Amino acid sequence: MLTALFAAFLGGIILNFMPCVFPVISLKAFGLIRHDGDLSSARREGLGFLLGVIVTMMVLAGILLAARAGGAAVGWGFQLQSPLVIALLALVILGAALNLLGVFEVGLSLQRAGEISLGRGAFVRSALTGALAIIVATPCSAPFMASAIGYALVQPPAVSLAIFFALALGFAAPFTLISLFPALAKRLPRPGAWMNTLKHALAFPMLGAFAWLVWVLAQQAGTTALGTLLAGSVALSFAAWLYGIAQRRHLAGRGYRVMYAVTAALLVAILLPLPGVMKPVETVETTVSTAPIKWTPQTVADQRGHGKAIFVNFTASWCITCQVNDKTSLSTQAVKEALARTGTLYMVADSTKFNADVDDALSQFGQGGLPMYVVYPADGGAPKVLPQVLTPSIVVNALNQAAGKKA
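All values derive from a computational prediction rather than experimental measurement. (Residues numbered from 1 in each chain as written. Predicted model: local features only at pLDDT ≥ 70, side-chain atom pairs only at ≥ 80, totals over all residues. Heavy atoms only, no water.)

Enquirer: Help me understand the overall build of the protein chain, please; the structure alone is not making it clear to me.
Expert: Within the protein chain, the secondary structure is distributed over 17 helices and five strands. Looking at the protein chain as a whole, 50% of its 407 residues qualify as buried. When contacts within the protein chain are restricted to residue pairs at least 6 apart in sequence, long-range pairs at least 24 apart make up 79% of them. (Helix = DSSP H or I, 4+ residues; strand = E, 2+ residues; numbered from the N terminus. Buried < 20%, exposed > 50% of the residue type's maximum accessible area, 1.4 Å probe, protein only. Contact = heavy atoms within 4.5 Å.)

This is the structure:
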């Protein structure tokens, strides 16, 4: 258990540097430089972020464990298998980007229009940033983290929650430590007019995350859901613009209540149709150019021990590490040639939409989340699980060994 706790904490720290968390680095970075040497403000930022991360992680872990106790085979990142969650998260991130661009401001009543808030809302804002960071981080599984989560999912609830708590502490540690220790916080640059330019620039990573979520939704739910989300995104942008105008009129003492009402009505109109439209549809698409065989447990059982190695790619459209490995390793010419030379059967186990067989396989191999790569030797021997971060040489060597060929 101590090993799993340490692995979860270390994996949480590494998770900060994974590509899935990049969109919210802008919000975290902006929080660090906002305090202008005010150490109490910096501490509020850090503690708020820590609280948001821990509470959200514990809620997700509780739902995950409850679902598994009820017989559902779900794993890390389970909520991103729901098109409705993807759509809502995309709209939240679009709203965050519009806020960074200055279309509207959070807590404008505590400040003059266009200035940076240092008021009472800093703690809540930082806590919400921590919550968003954890939700966005779930498509990734960092080194050390997958084995810790895999261990947690087969333990009693108290042990499981302790491991998820250690993961949350590791994830929040870098930001929180800088905020809490004055010697570190004083080294940060002083705020100034340049902060507004930086604030606007930091909106674009958020827009990139929005584009990624739109693409994932298209894989999951098809063109009807995609069109609904895009229409909702336009309406949300218009609502944010109206809200910004209403905020400025509020400060000036002019009529603003009607614009607030119109904004609220638009938000309701955006959210109401989502549950009926955001539903999974069947797709037959893969991100790897090598022709795959659709994975099922029965297919593997039928093909094992017949003189051909088997390589299984457990992946999903919402798993960013999976997409990076596909582009940098699995789609390279060296890996394609190795697959052909060794006669390896290449199978794809897609978990973009909920797939109970995939989650059962992850549990069987002690892995808490995607990606997972399993190589079955040609002679029917014990399968080997490859690292979560691949290189072409790792895959080629594994294929050569499984097929009994020399490199």
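Enquirer: Looking at this model, I keep getting lost on the state of the cysteines. Mind explaining?
Expert: Structurally, a disulfide amounts to a covalent bond that connects the sulfur atoms of two cysteines. Scanning the model with the defined rule gives one disulfide in all. Paired through a disulfide, Cys319 and Cys322 show a sulfur-sulfur distance of 2.3 Å. On the sign convention where negative means left-handed, the S-S torsion of about 80° between Cys319 and Cys322 marks this disulfide as right-handed. Judged by its relative accessible area of 0%, Cys319 falls in the buried class. (Disulfide = S-S within 2.5 Å.)

Enquirer: What should I look at first to understand the pairing of strand 4 (residues 372-376) in this one?
Expert: Looking along a regular strand, one sees side chains alternate from face to face of the sheet. Burial analysis of strand 4 places five of its five residues in the buried class, which makes it a mostly covered element. Judged by which residues are buried, strand 4 turns out to be covered on both faces: Met372, Val374 and Tyr376 on one side and Tyr373 and Val375 on the other are all buried. Of the strand pairs in this sheet, strand 2 (residues 310-315) and strand 4 are connected by five bridges, and their pairing is antiparallel. Bridge assignment links Phe314 to a residue of strand 4, and that residue is Met372. Where strand 4 meets strand 5 (residues 384-385), two bridges bridge the pair, whose relative direction is antiparallel. Among the inter-strand pairings, Val375 is bridged to a residue of strand 5, identified as Lys384. (Pairing = 2+ DSSP bridges.)

Enquirer: What is the right way to read the packing of aromatic side chains from this model?
Expert: Any aromatic ring pair is given by two values, namely how distant the centres are and how the planes are angled relative to each other. Applying the stated criterion to the full structure yields seven aromatic pairs. Between Phe311 and Tyr346, the ring centres sit 5.8 Å apart and the planes meet at 15°, which makes this aromatic pair stacked. You can see Phe311 sitting in strand 2 and its partner Tyr346 sitting in strand 3 (residues 345-350), a full 35 residues away along the chain. Assigned by exposure class, Phe311 and Tyr346 land together as buried. Relative to Tyr373, the ring of Phe311 lies with its centre 6.3 Å away and its plane at 20°, an arrangement referred to as stacked. Here Phe311, found in strand 2, pairs with Tyr373, found in strand 4; they are 62 residues apart in sequence, far enough to count as distant. Comparing Phe311 with Tyr373, the two get one shared label, buried. Taken together, the ring pairs in this structure connect Phe49, Phe171 and Phe175 into an aromatic cluster. (Phe/Tyr/Trp six-rings, centres within 6.5 Å; stacked < 30°, edge-to-face > 60°.)

Enquirer: Whenever I open this one, the pairing of strand 2 confuses me. Can you help?
Expert: Judged by how many residues are buried, strand 2 sits mostly within the fold: six of six residues are covered. By the alternation rule, side chains of strand 2 split into Ile310, Val312 and Phe314 and Phe311, Asn313 and Thr315, which are all buried. Looking at chain direction, strand 2 and strand 3 are connected through six bridges and run parallel. Note on strand 3: the bridge partner recorded for Asn313 is Val348.

Enquirer: Can you walk me through unusual backbone geometry in this structure?
Expert: Residues other than glycine predominantly adopt negative phi, and peptide bonds predominantly adopt the trans conformation. For the peptide bond that leads from Leu370 to Pro371, omega is 0°, which places it in the cis range. Inspection of the secondary structure assignment puts Pro371 in the loop between helix 16 (356-364) and strand 4.

Enquirer: Looking at this structure, I do not really get the nonpolar core. What am I missing?
Expert: General note: in soluble globular proteins, nonpolar side chains tend to be found buried as a group. Counting 54 residues, the largest nonpolar core has Ile93, Leu229, Trp295, Val312, Phe314 and Leu370 as the members making the most contacts within it. Elements represented by at least two residues in this core include exactly helix 4 (83-100), helix 5 (122-137), helix 10 (203-252), strand 2, helix 14 (320-330), strand 3, helix 16 and strand 4. Looking at which element gives the most residues to this core, the answer is helix 10, with 14 residues. For Leu229, the residues in contact, after removing those within four places along its chain, are Ala87, Ala90, Leu91, Val214, Leu217 and Met278. Counting 31 residues, the second largest nonpolar core, distinct from the first, contains Ala4, Val53, Ala61 and Leu153. (Core = buried A, V, L, I, M, F, W, Y, C linked by side-chain atoms within 4.5 Å.)

Enquirer: Looking at this structure, how should I read the sheet that holds strand 2?
Expert: Adjacent strands of a sheet form backbone hydrogen bonds with each other and so pair up, either parallel or antiparallel. In space, the five strands of this open sheet follow the order 1-3-2-4-5, with mixed pairing throughout. A strand with exactly one partner marks an edge of an open sheet, and here the two such strands are strand 1 (293-294) and strand 5. Sheet contacts for helix 17 (residues 392-403): strand 2, strand 4 and strand 5; angle to strand 4, the most-contacted strand, approximately 25°. (Axes fitted to C-alpha atoms, helices over the stretch in contact; angles between N-to-C directions.)

Enquirer: Please clarify how the packing of helix 1 (residues 2-15) against helix 6 (residues 145-152) should be interpreted in this entry.
Expert: Two packed helices can be described by the angle between their axes and the distance between those axes. The N-to-C vectors of helix 1 and helix 6 enclose an angle of 135°; their axes lie 8 Å apart at closest approach. With respect to their mutual orientation, helix 1 and helix 6 come out oblique. As for how helix 1 packs across helix 6, the hand of that crossing is left-handed. Two secondary-structure elements touch here, helix 1 through Ala4, Ala7, Ala8, Gly11 and Leu15 and helix 6 through Met145, Ala148 and Tyr151. Of the residues that constitute the contact of helix 1 with helix 6, the class distribution is seven nonpolar, one polar and no charged. (Parallel < 35°, antiparallel > 145°, perpendicular 65-115°, else oblique. Left-handed = near helix turned anticlockwise from the far one by under 90°. Nonpolar A, V, L, I, M, F, W, Y, C, P; charged D, E, K, R; others polar.)

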